[in-house]
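A closer look at the structure
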Amino acid sequence: MIIRASERVFETRHEMRGGKGDVSLAQTPGDALARHLRLFSEIIIPPGAGIGTHAHSGETEYFYIMEGTGTVNDNGTTVKVQPGDIVVTGGGAIHNIENHTNAPLRLVAVIVTEA
């Protein structure tokens, strides 16, 4: 199966999960996702924006940082992330991500459910 860029679902979310500003998503259509895959999305976080703090229970979320740098609250610890880094959050842990730079932060987010 090939999912063309034109088949992805594009949207902008304002203050996503209580974060700052607008975040752009390019999501894989739900009918193309495997059983335990809840989300596969490219996310662009512009300067000054972010995704707010939220928990992951019964699932694990992966952020693969592709471009830019950001700051992640990794279950209470603030960590700077850069291209090539992977943030893993599951087991009830919390996280958020913010872009405090002058360039966009681009990542791929994947959520895998346990059941």
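The rules behind these values
- Residues numbered from 1 in each chain as written.
- Predicted model: local features only at pLDDT ≥ 70, side-chain atom pairs only at ≥ 80, totals over all residues.
- Heavy atoms only, no water.
- Pairing = 2+ DSSP bridges.
- Helix = DSSP H or I, 4+ residues; strand = E, 2+ residues; numbered from the N terminus.
- Polar contact = N/O pair within 3.5 Å; in protein donor to acceptor, adjacent residues only side chain to side chain.
- Contact = heavy atoms within 4.5 Å.
- Buried < 20%, exposed > 50% of the residue type's maximum accessible area, 1.4 Å probe, protein only.

1. Quick notes on the pairing of strand E7 (residues 77-81)
- Both strand E6 (residues 70-74) and E7 contribute to a ladder of five bridges, which runs antiparallel. For Asn 73, the partnering residue across the bridge sits in E7 and is Thr 78.
- Where E6 folds back onto E7 in an antiparallel hairpin, the turn is made up of two residues, including Asn 75, whose phi is positive at roughly 55 degrees.

2. Here's the deal with the side chain of His 56
- With respect to the secondary-structure elements, His 56 resides in the loop between strand E4 (50-55) and strand E5 (59-67).
- In terms of polar contacts, His 56 uses its side chain to reach the side chain of Glu 59, at 2.8 Å.
- Separated by 2.6 Å, the side chains of His 56 and Glu 61 make a polar contact.
- For His 56, the residues in contact, after removing those within four places along its chain, are Glu 61, Thr 89, Gly 90, Gly 91, Gly 92, Ala 93, His 95 and Ile 111.

3. Things to note about the environment of Thr 89
- When you line up the elements, Thr 89 lands in strand E8 (residues 86-90).
- Of the residues examined, Thr 89 reaches a relative accessible area of 1% and is grouped as buried.
- Sequence separation between Thr 89 and Glu 61 is 28 residues; the distance between their C-alpha atoms is 5.2 Å.
- When neighbours within four sequence positions are excluded, Thr 89 is seen to be in contact with His 56, Glu 59, Thr 60, Glu 61, Ile 94 and His 95.
- Among the polar contacts listed, one links the side chain of Thr 89 to the side chain of His 95, at a separation of 2.9 Å.

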